[in-house]
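These are the residues of each chain, in order.
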Amino acid sequence: MDNTPREQDPIAQTPLVVPVQRPSRRSLRVHSIEGPVDAYLTEEELISELRLSSQEQDTLLLQDFQARRLRRKVWFGVGLIGVLFGIVAIMLLFNSANSSRAITESYMKSLSVGRADEARLYFAKDIENAELLRSSAWSGGPAYLSGFKVGDAKTIIAPGQVRMKEVRVYYSIGAVSHQGTVTLKRVWGLDNILEKWAIVKPLASTLSLTLPSGYPGQVIINGITLPRAESGTVAYWVYPGTYNVGLQANTWISADAITEHVEAGRDQQVQFDSIQPSDSLQGMLQRKVAIALNECLRSTLAAPPGCPFSIDAPQPVTWTSGSDVTLDVAPHYSDPKALFSFSTSGTSVNVEDAEGNRTVVPYTIKGSILWSDWSADPQIDIAQN
């Protein structure tokens, strides 16, 4: 028996170690009925947790869907409320900037610094006879207003059931205080909903011109040529100041310019009594009357038709001229077509009848002078007796 010690096998001497496999743990966010929960589960626990019944899965899916739909509704409601608040804010700002008082305030600010053209931006488009409410025609300029205050607005109902606003204003010209009103109408919008107002009656006086009805020309005020109205009297809006009023120059009439000073809050009326026929028109009128008179004098009738004189005497008669014919010409205001009317006074003719009797017969010639336009010669009408 060999008792020699043998060399030990290192592998055989190593104790056998059997590894024990530990169950792995995984992180999982579990959605339970109570809500989402963070948990660390083993693989077996994970598999167990995932083995939900079909009913439980449907319940969880339904709850998740309902939760997301609720969140969408909440955000939609919040957004809708925000939009409504924005619309209301815009409407309030718009109404505030375009209200009758705000428009009047802006209008008065423009006048207070003499910007009449800027003030016209607040006028309604259909405002009439406002051609003189311009900086070029306004002699008052920046000295017009030295201070102003806008008062309350009052609703008025104009003819035709038109709703308007009348805003009272207080202002000063120099050391003198005044008050007046500005009338506005709503140009678009509904009641208290996006309303926009515009001025139809400014803070101004009227300068009324009365011209012969048949005057076919134009009026010139402070260098601005104005259209003629159909009627004999036309009223223009003006701011307080001085206005030089003249007529369109032509070869048929003459008229001195008229200077008028318009005070705040007071209307002014002007009548062109100074309008007179020119020398050319006087000469034409004299020739026209002389031709008509000579036609009558050549007649042998006691009552020549269309003539201004007649006599109850045996015919034939002989007419001869008597006194000189003097014509009085004046502007005509009653005839809608005539510019001038004319007449004679103290005139007479001589007549001798068939029996040799001589008589002096007084007569009067009347008529009118008309134009269709300045490019044509005047029409002279002699009244028929």
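Treat the numbers as computed from the prediction; the structure is a model and nothing was measured.

A word on the confidence of the model for the chain
Right, so step 1: Mean pLDDT over the chain stands at 77; residues scoring 70 or higher make up 74%.
Right, so step 2: pLDDT under 50 marks residues 20-26. Its contacts with residues more than four places away, or in other chains, come to 14 contacts.

Describing the sheet that holds strand β9 (residues 224-226)
Right, so step 1: Taken in spatial order, the four strands line up as β9-β8-β11-β13 in an open sheet, and their pairing is antiparallel. Edge positions in the sheet fall to β9 and β13 (258-262), since each of these pairs with one other strand and no more. Each neighbouring strand pair of the sheet contributes to a mean axis angle of 30 degrees, computed without reference to strand direction.
Right, so step 2: Note: strand β11 (residues 241-247) against β13, five bridges, orientation antiparallel.

Quick word on helix α4 (residues 100-112)
Structural remark: α-helix, 3.6 residues per turn; residues separated by three or four positions point the same way.
Right, so step 1: With 13 residues, α4 should cover 18 Å at 1.5 Å per step; its first-to-last C-alpha distance of 18 Å lies within 8% of that length.
Right, so step 2: Those residues of α4 not exposed but buried are S100, A102, I103, T104, Y107, M108, S110 and L111.
Right, so step 3: Just downstream of α4 lies G114, where phi reads positive at about 75 degrees.

Overview of the sheet that holds strand β22 (residues 379-382)
Backbone hydrogen bonds hold the strands of a sheet together, and the pairing may be parallel or antiparallel.
Right, so step 1: As summarised here, the arrangement of the four strands in space is β17-β18-β21-β22, forming an open sheet in which the pairing is antiparallel. Sheet topology places β17 (327-331) and β22 at the edges, where each strand pairs with a single neighbour. Averaged over all pairs of adjacent strands, the angle between their axes in this sheet comes to 25 degrees, without regard to strand direction.
Right, so step 2: In this sheet, strand β18 (residues 338-344) lies alongside β17 in antiparallel orientation, the contact comprising five bridges. Paired with P331 across the two strands is F340, which belongs to β18.
Right, so step 3: Against the sheet, helix α6 (residues 279-297) makes contact with β17, β18, β21 (366-370) and β22, and its axis sits at roughly 40 degrees relative to β22, the strand it touches most.

Overview of the pattern of salt bridges
Any two side chains of opposite charge can pair, given that their charged atoms come close.
Right, so step 1: One pass over the full model with this rule turns up five salt bridges.
Right, so step 2: For the salt bridge of E166 with K154, the shortest nitrogen-to-oxygen distance reads 3.7 Å. With a gap of twelve residues between them, E166 in strand β4 (residues 162-173) and K154 in strand β3 (residues 147-158) connect regions that are remote in the sequence.
Right, so step 3: Across the pair E263 and R266 runs a salt bridge, and its minimum N-O distance is 3.5 Å.

As for the packing of aromatic side chains
Right, so step 1: By the definition in use, this model includes four aromatic pairs.
Right, so step 2: Relative to W319, the ring of F309 lies with its centre 4.7 Å away and its plane at 45 degrees, an arrangement referred to as tilted. One end of the pair, F309, is in the loop between α6 and β16 (318-321); the other, W319, is in strand β16, and ten residues separate them in sequence. Accessibility assignment for this pair places F309 and W319 in one class, buried.
Right, so step 3: Taken together through their ring pairs, the aromatic side chains of F309, W319 and Y363 make up a single cluster.

Conventions and cut-offs
- Residues numbered from 1 in each chain as written.
- Predicted model: local features only at pLDDT ≥ 70, side-chain atom pairs only at ≥ 80, totals over all residues.
- Heavy atoms only, no water.
- pLDDT = per-residue confidence, 0-100.
- Contact = heavy atoms within 4.5 Å.
- Pairing = 2+ DSSP bridges.
- Helix = DSSP H or I, 4+ residues; strand = E, 2+ residues; numbered from the N terminus.
- Axes fitted to C-alpha atoms, helices over the stretch in contact; angles between N-to-C directions.
- Expected span 1.5 Å × (residues − 1).
- Buried < 20%, exposed > 50% of the residue type's maximum accessible area, 1.4 Å probe, protein only.
- Salt bridge = Lys/Arg side-chain N within 4 Å of Asp/Glu carboxyl O.
- Phe/Tyr/Trp six-rings, centres within 6.5 Å; stacked < 30°, edge-to-face > 60°.

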